[in-house]
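Okay, here's what each chain looks like letter by letter:
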Protein chains: 2
Amino acid sequence: MSAQQSWPAPPSSGAGKAQRPQKRSGRRRAEILEAAMSVFGEHGYANGSLHDIAERVGMTHAGVLHHFGSKEQLLIALLEYRDDADVAELEGHHAPRGAPLLEHLVDTAEENGKRPGIVQAYTVLLGESVTDNHPGRNFFAERFAGLRDMITSAVADATNRPMDDPQTVSAACAIVATMDGLQPQWLLDRDAVDMRATVELTIRALVQELTRQ
Amino acid sequence: MSAQQSWPAPPSSGAGKAQRPQKRSGRRRAEILEAAMSVFGEHGYANGSLHDIAERVGMTHAGVLHHFGSKEQLLIALLEYRDDADVAELEGHHAPRGAPLLEHLVDTAEENGKRPGIVQAYTVLLGESVTDNHPGRNFFAERFAGLRDMITSAVADATNRPMDDPQTVSAACAIVATMDGLQPQWLLDRDAVDMRATVELTIRALVQELTRQ
DNA sequence: CCTACCGATCGGTAGG
DNA sequence: CCTACCGATCGGTAGG
């Protein structure tokens, strides 16, 4: 935001009508974010270069910095951009809360199996986020806190247990962990892991275990 | 190995007796590997520098390269070194196979809660390993294949199911995923996650679910 | 194991 | 959004 600067019109476009510069700029930002997701997924954040990202959208790395100010801010924008996309999708499915959320997580695991690029970027960035002073640390910490809350509530709903029961919280931790932990296994050997079936089994087993007691 | 070179004795040590150079060198290698685990954990492999590692053991980065040939070979040596340490510990506990392995995994989760440095290094390196052409890729792929096999066998043992049952395999995938997926959650908020209790609950729930059917 | 050095790359800035 | 540039850092090598 504070890094946003103004800049003159492109060399040959002259001073004609503005062609909705905001809209074009928004589209451009989205293109850069998509390229960043690919590059960070393929090489990691630390090892992914602004040059590579810029090349994929046909500009120089200084152009990318014009749009995002710094590499760190590009990362943060990317994480929020991905989160928005997930939330939009969640709302498309009517943003399930309570017990139906658990079924939605199984669908998510299945959909992830069709988006290796997104899974790769998520896995790499999550891993890097636990390094000291990493710019993505806060994002993931808050994401986990929010997910655990929502899923604890869903498990409580499905098992008629209180939300502050330690076992209910543990089940929520386990569900998040299973989904995240399956991703590197799957990326490293896609034939060895059925993400949907495994998440489905784990959720069913946990709900049964907490209900039966 | 092919990068190993000979080099003259240190400036002031003269040509006296050799002082068990192999032993001293082995100790030095171990010191470097411990430093590398810290540095790669704190900054990631891509972003961790040989300079930092060398500094922590009181030498220059050229000295580190003398011992390991290249940064990639240092990483591979580190992964094998860690694996050896785990295996040694496993054997210390009598290398459980079959159902008792599942109890051992719960103990491992608890012990991990006392070794944040190792957990951080593992989480970071695993995340980076799914990037394209990463030197640690093979190590983790084979590690997962081996773990899944052992745990599938243990689950089959505990539930009287065949090893080639898809649900048995899924349970093994889920147990590995839960242990790995809990680590970033725990590193980002240690008070929010009880690794031992969560692994214990997940294993119990999965075994029950597969037994009950 | 060190000194000295190299080529390469990188993020960021100036200035238009 | 580009050109041109900067300082910094990095892995690796030569040569002892």
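Because the structure is predicted, anything quoted here is derived from the model rather than measured. (Residues numbered from 1 in each chain as written. Chains lettered and ligands numbered in written order. Predicted model: local features only at pLDDT ≥ 70, side-chain atom pairs only at ≥ 80, totals over all residues. Heavy atoms only, no water.)

### A short note on the overall build of chain A
We count it as follows: Secondary structure elements are defined from DSSP: runs of H or I of at least 4 residues count as helices, runs of E of at least 2 residues count as strands, and each element is numbered from the N terminus. Note on exposure labels: buried denotes an accessible area under 20% of the residue type's maximum, exposed denotes more than 50%, and partly exposed covers the range between, all computed with a 1.4 Å probe on protein chains only. Contact criterion: two residues are considered in contact whenever any of their non-hydrogen atoms come within 4.5 Å of each other. Residue burial considers only the protein chains on display, and all accessible areas are found by Shrake-Rupley using a 1.4 Å probe.
Assigned secondary structure in chain A consists of nine helices and zero strands. Counting from the amino terminus, helix and strand elements in chain A follow one another as α-α-α-α-α-α-α-α-α. Residues classed as buried in chain A amount to 45% of the 213 residues present. Expressed as a percentage of contacts within chain A between residues at least 6 apart in sequence, the contacts between residues at least 24 apart total 66%. For chain A, the computed accessible surface area is about 10,600 Å², with 51% contributed by carbon and sulfur atoms.

### With respect to the protein's contact with DNA strand D
Basically, it comes down to this: Only heavy atoms are used to decide nearness, and a residue is near a molecule or strand if one of them lies within 4 Å of it. The term polar contact refers here to a pair of N or O atoms within 3.5 Å; inside protein, the definition further demands a hydrogen-donor-capable atom paired with an acceptor-capable atom, and it admits residues adjacent in sequence only when both atoms are side-chain atoms.
Close contacts around DNA strand D come from 19 residues, with A:Arg28, A:Met59, A:His67, B:His61 and B:Lys71 the closest. If you look at DNA strand D and keep only atoms within 4 Å of the protein, 51% of those are sugar or phosphate atoms. Contacts to DNA strand D include B:Gly48, whose backbone N or O atom sits 3.3 Å from a phosphate oxygen. Examining the composition of the surface near DNA strand D, we find that four residues originate from one element, helix H3 (residues 61-68) of chain A, more than from any other.

### Side note on the packing of aromatic side chains
All names here are of chain A. Which entries qualify depends on this criterion: Centres within 6.5 Å are what make two rings of Phe, Tyr or Trp a pair, Trp counting through its six-membered ring; a difference in plane orientation under 30 degrees is then read as stacked, over 60 as edge-to-face, and the rest as tilted. Only lysine NZ and arginine CZ atoms are considered, and such an atom sits over a ring when it is within 6 Å of the ring centre and within 35 degrees of the ring normal.
Taken as a whole, this structure holds six aromatic pairs over all chains when the rule is applied. Centroid distance Phe-40 to Tyr-45: 5.2 Å. Interplanar angle 70 degrees. Geometry classified as edge-to-face. Taken as a pair, Phe-40 and Tyr-45 share a single burial class, namely buried. Look at Phe-139 and Phe-140: their rings are 5.3 Å apart centre to centre, the planes differ by 85 degrees, and that puts the pair in the edge-to-face class. Phe-140 gets classed as buried once you look at its relative accessible area, which sits at 2%. One aromatic cluster is present, formed by Tyr-122, Phe-139 and Phe-140 through successive ring pairs. One residue, Lys-71, lies across the ring of Tyr-45, its end atom 4.7 Å from the ring centre.

### Some words on the side chain of A:Thr178
Summarising the element assignment, A:Thr178 is placed in helix H8 (residues 166-188). A polar atom in the side chain of A:Thr178 sits 2.7 Å from the backbone oxygen of A:Ala174. The residues contacting A:Thr178, other than those within four sequence positions of it, are A:Thr202, B:Ala174, B:Ala177 and B:Thr178.

### What about the protein's contact with DNA strand C?
Around DNA strand C, 18 residues are found, and the nearest of them are A:His61, A:Lys71, B:Met59, B:Thr60 and B:His67. A share of 53% is what sugar and phosphate atoms reach among the atoms of DNA strand C within 4 Å of the protein. Here a phosphate oxygen of DNA strand C sits 3.1 Å away from a polar atom, N or O, in the main chain of A:Leu50. In the model, a base nitrogen of DNA strand C is placed 2.8 Å from a nitrogen or oxygen of the A:His61 side chain.

### Here's the deal with helix H9 (residues 195-212) of chain B
Selection criterion: Here the expected length of a helix is defined as 1.5 Å per residue gap, with one fewer gap than residues.
Under the 1.5 Å per step criterion, the end-to-end length of H9(B) is 26 Å for 18 residues, consistent within 8% with the ideal 26 Å. On its buried face, H9(B) is in contact with H8 and helix H9 (195-212) of chain A together with helix H5 (100-112), helix H7 (137-159) and helix H8 (166-188) of chain B. Where H9(B) starts, the residue carrying a side-chain oxygen 3.2 Å from the main-chain nitrogen of B:Arg196 turns out to be B:Asp194.

### Some points on the interface of chain B and chain A
Applied cut-off: A 1.4 Å probe defines the accessible area here, and the buried area is the portion of it lost by two parts on being joined, summed over both. Salt bridges are defined by distance alone: a side-chain nitrogen of Lys or Arg within 4 Å of a carboxyl oxygen of Asp or Glu. Note on residue classes: Ala, Val, Leu, Ile, Met, Phe, Trp, Tyr, Cys and Pro are nonpolar, Asp, Glu, Lys and Arg are charged, and everything else, Gly too, is polar.
Each side of the interface is counted separately: chain B has 49 residues, and chain A has 49 residues. Around 3,900 Å² of area is buried between chain B and chain A when both sides are counted, 64% of it from carbon and sulfur atoms. Our enumeration of links across chain B and chain A arrives at four salt bridges. The partner of A:Arg204 in a salt bridge is B:Glu209, with the nearest N and O atoms 2.8 Å apart. Taken together, chain B and chain A are joined by 17 residue pairs in polar contact (both at pLDDT 80 or more). Tallied by class, the residues present in the side of chain B that touches chain A amount to 23 nonpolar, 18 polar and eight charged.

### Observations regarding the environment of A:Ala121
Residue and element names in this part refer to chain A. Mapped onto the secondary structure, Ala-121 falls in helix H6 (residues 116-129). Here the alpha-carbon distance between Ala-121 and Gly-41, two residues 80 residues apart in the chain, equals 3.7 Å. Setting aside residues up to four positions removed in sequence, Ala-121 forms contacts with Met-37 and Gly-41.

### Remarks on the side chain of A:Gln120
With respect to the helices, strands and loops of the structure, A:Gln120 is situated in helix H6. You can call A:Gln120 buried: its relative accessible area is 13%. Within the structure, A:Gln120 has its side chain in polar contact with the backbone oxygen of B:Val130 (distance 2.8 Å). With residues near it in sequence (within four places) discarded, A:Gln120 still touches A:Gly41, A:Glu42, A:Leu187, B:Val130, B:Thr131 and B:Asp132.

### Description of the relation of the copies chain B and chain A
The condition that has to hold: The fit set for superposing copies consists of C-alpha atoms from residues with pLDDT of at least 70 in both; the fit itself is least squares.
Mapping chain B onto chain A leaves a residual RMSD of 0.0 Å; the transformation is a rotation of 180 degrees accompanied by 0.0 Å of translation along its axis. The superposition of one copy onto the other is thereby described by a two-fold rotation axis. The share of interface residues of chain B whose copies in chain A are also at the interface is 100%, consistent with both copies meeting through the same surface.

### Describing the packing of H5(B) against H7(B)
Residue and element names in this part refer to chain B. Under the convention used in this document: Axis lines are fitted through C-alpha atoms, for helices just across the contact stretch, and the angle between N-to-C directions can take any value from 0 to 180 degrees. Just so you know how the angles are binned, under 35 degrees is roughly parallel, over 145 roughly antiparallel, 65 to 115 roughly perpendicular, and the rest oblique.
Remark: H5 packs on H7, axes separated minimally by 8 Å, with the N-to-C direction vectors making an angle of 120 degrees. Judged by the inter-axis angle, H5 sits oblique to H7. Across the interface between the two elements, Leu-101, Leu-102 and Leu-105 from H5 touch Met-150, Ile-151, Ala-154, Val-155 and Ala-158 from H7. Here the contact of H5 with H7 is built from residues that sort into eight nonpolar, no polar and no charged.

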